[in-house]
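# Structural overview for review
So the chains spell out like this:
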Amino acid sequence: MRCFVGLPLPESYQDGLERVRRQWGPRFAPPLTWTRPGNWHITLAFLGEVEESQQPDLEQALSAVAFAPFTLQAGGAGVFPPQGRPKVLWVGALYGGQAVAALAGDVQQALIPLGFVPDDRPFTTHLTLARTKRGKSKRRKHTGAKRGAGDESFQKIPDANAWQECIAGLGRVEWPPVTMDSFILWRSHLSEAGPRYEPLVSFGATSESSNG
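The structure reproduced in this document is the subject of the present report. Everything quoted here is computed from the prediction, not taken from an experiment. Residue positions are given per chain, counted from 1 along the sequence in the order it is written. The predicted origin of the model limits local features to residues at a pLDDT of at least 70 and limits the giving and counting of side-chain atom pairs to 80 or more, whereas totals for whole chains, interfaces and linings rest on all residues. Only hydrogens and water are set aside; all other atoms, that is, all heavy atoms of the structure, feed into the side-chain values.

Time to look at the overall build of the protein chain. Each helix is a run of DSSP H or I of at least 4 residues and each strand a run of E of at least 2, with the numbering of both proceeding from the N terminus. In terms of helices and strands, the protein chain carries four helices and nine strands. Going residue by residue from the N terminus, the α and β elements of the protein chain occur as β-α-β-β-α-β-β-α-β-α-β-β-β. Every one of the 212 residues in the protein chain was classed for burial, and the buried ones make up 45%. Within the protein chain, contacts between residues at least 6 apart in sequence are counted, and of these 74% link residues at least 24 apart. In these tables, accessible area is a Shrake-Rupley quantity obtained with a 1.4 Å probe, and a residue counts as shielded only by the protein chains included in the view. Here the protein chain has roughly 11400 Å² of accessible surface; of this, 48% comes from carbon and sulfur atoms. When accessible area is computed with a 1.4 Å probe and restricted to protein chains, residues below 20% of their type maximum are described as buried, those above 50% as exposed, and intermediate ones as partly exposed. Residue contacts are counted whenever heavy atoms from the two residues lie within 4.5 Å of one another.

Structure below.
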């Protein structure tokens, strides 16, 4: 099974993604591969290929992760990597980013005894809007720094003006505050039509207090 752990996003965000895609998608050149509404989530830990026999151990480890419900509100926009040719277009977090990062750290730590190595890159709370493939280039390790429309590095990129315009516009999109009170172990089914995410197990918050 190809699996990951992530936060589900509510219908208001899935609908908002579709509106953003309709408004801004045609303005990018070359076209982007947008996240499909219904698939939108925040990845906490990517597990890769695991044996089905490992699922009970995964469930046991993840059920031990304790967290309180918290408020998340998306806002702002940027790209990864922050310099060079953009490959990932994302929305950031106005509120709740620290709570998401803390939960991701706890999830990854809980999985270490099962042999899963935490990502060595700093965790940056972001919601992936779209990806682009624009030829082969040397892979860069991003620092997680947020860059905006005024970033000078964009001047080195073809279609820099279009990117600047779209990132500035996306940064002004208003997203509602939502309560995050569960995370999910997902299985990813890959196909030519795009990925389909199957929720395997949901893990709920352990208290009614909020943070983030």
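Orientation is described by axes fitted as lines to C-alpha atoms, over the contacting stretch for helices, and by angles from 0 to 180 degrees between their N-to-C directions. The N-to-C vectors of helix α2 (residues 55-63) and helix α3 (residues 97-111) enclose an angle of 135°; their axes lie 9 Å apart at closest approach. By the angle class used here, α2 and α3 are oblique. Classified by chirality, the crossing of α3 by α2 is right-handed. Each of Leu 58, Ala 61 and Leu 62 in α2 lies in contact with α3, whose residues at this interface are Val 107, Ala 110 and Leu 111. Here the contact of α2 with α3 is composed, by residue class, of six nonpolar, no polar and no charged. For this classification, under 35 degrees means roughly parallel, over 145 means roughly antiparallel, 65 to 115 means roughly perpendicular, and everything else is oblique. Put simply, a crossing is left-handed when the front helix is turned counterclockwise from the back one by less than a right angle, and right-handed when it is turned clockwise. Only Asp, Glu, Lys and Arg are considered charged, only Ala, Val, Leu, Ile, Met, Phe, Trp, Tyr, Cys and Pro nonpolar, and every remaining residue, Gly among them, polar.

Moving on, we get to the sheet that holds strand β1 (residues 2-8). As summarised here, the arrangement of the four strands in space is β3-β1-β8-β9, forming an open sheet in which the pairing is antiparallel. Edge strands, defined here as strands with exactly one partner in the open sheet, are β3 (41-49) and β9 (196-204). Direction aside, the axes of adjacent strands within the sheet are offset by 25° on average. Where strand β8 (residues 182-189) lies against β9, eight bridges are found, and the strand directions are antiparallel. In the sheet register, His 189 faces β9, and the bridge partner there is Arg 196. In the packing of α2 onto the sheet, contacts are made with β1, β3, β8 and β9, and the angle to β9 comes to roughly 45°. The strands touched by α3 within the sheet are β1, β3 and β8, with β3 carrying the most contacts at an inclination of about 20°. Strand pairing is defined by DSSP finding a minimum of two bridges between the two strands.

Before going further, it helps to examine the packing of aromatic side chains. Between the rings of Phe, Tyr and Trp (Trp by its six-membered ring), a pair exists once the centres lie within 6.5 Å; its type follows the angle of the planes, with under 30 degrees stacked, over 60 edge-to-face, and the other angles tilted. Summed over all chains, the structure comprises eight aromatic pairs. When the centroid spacing of 6.2 Å and the interplanar angle of 40° are considered together, the rings of Tyr 13 and Trp 40 count as tilted. Of this pair, Tyr 13 sits in helix α1 (residues 11-24) while Trp 40 sits in the loop between β2 (33-34) and β3; the two residues are 27 residues apart in sequence, bridging distant segments of the chain. Exposure remark for Trp 40: the relative accessible area of 2% places this residue in the buried category. With centroids separated by 5.7 Å and ring planes inclined at 50°, the aromatic side chains of Phe 67 and Phe 183 adopt a geometry described as tilted. Linking Phe 67 in the loop between α2 and β4 (70-80) with Phe 183 in strand β8, this pair joins segments that are 116 residues apart in sequence. Residues Phe 67 and Phe 183 agree in their burial class; the two are buried. The rings of Phe 4, Trp 186 and Tyr 197 are connected pair by pair, giving a single aromatic cluster.

Moving on, we come to unusual backbone geometry. Of the consecutive residues Phe 80 and Pro 81, the connecting peptide bond is found in the cis state with omega at -10°. Structurally, Pro 81 can be placed in the loop between β4 and β5 (88-95).

The next subject is the pattern of salt bridges. Side chains bearing opposite charge may pair, as long as their charged atoms lie close to each other. Salt bridge criterion: a side-chain nitrogen from Lys or Arg within 4 Å of a carboxyl oxygen from Asp or Glu. Tallied over the full model, the rule gives four salt bridges. Where Glu 18 meets Arg 21, a salt bridge forms, and the shortest distance between an N and an O atom there is 2.6 Å. Taken together, the residues span about one helical turn, with Glu 18 and Arg 21 both in helix α1 at a distance of three residues. A salt bridge links Glu 52 to Arg 187; its shortest N-O distance comes to 4.0 Å. Of this pair, Glu 52 sits in the loop between β3 and α2 while Arg 187 is found in strand β8, placing the two residues 135 residues apart along the sequence. On the basis of relative accessible area, Glu 52 is assigned to the exposed category, the value being 53%.

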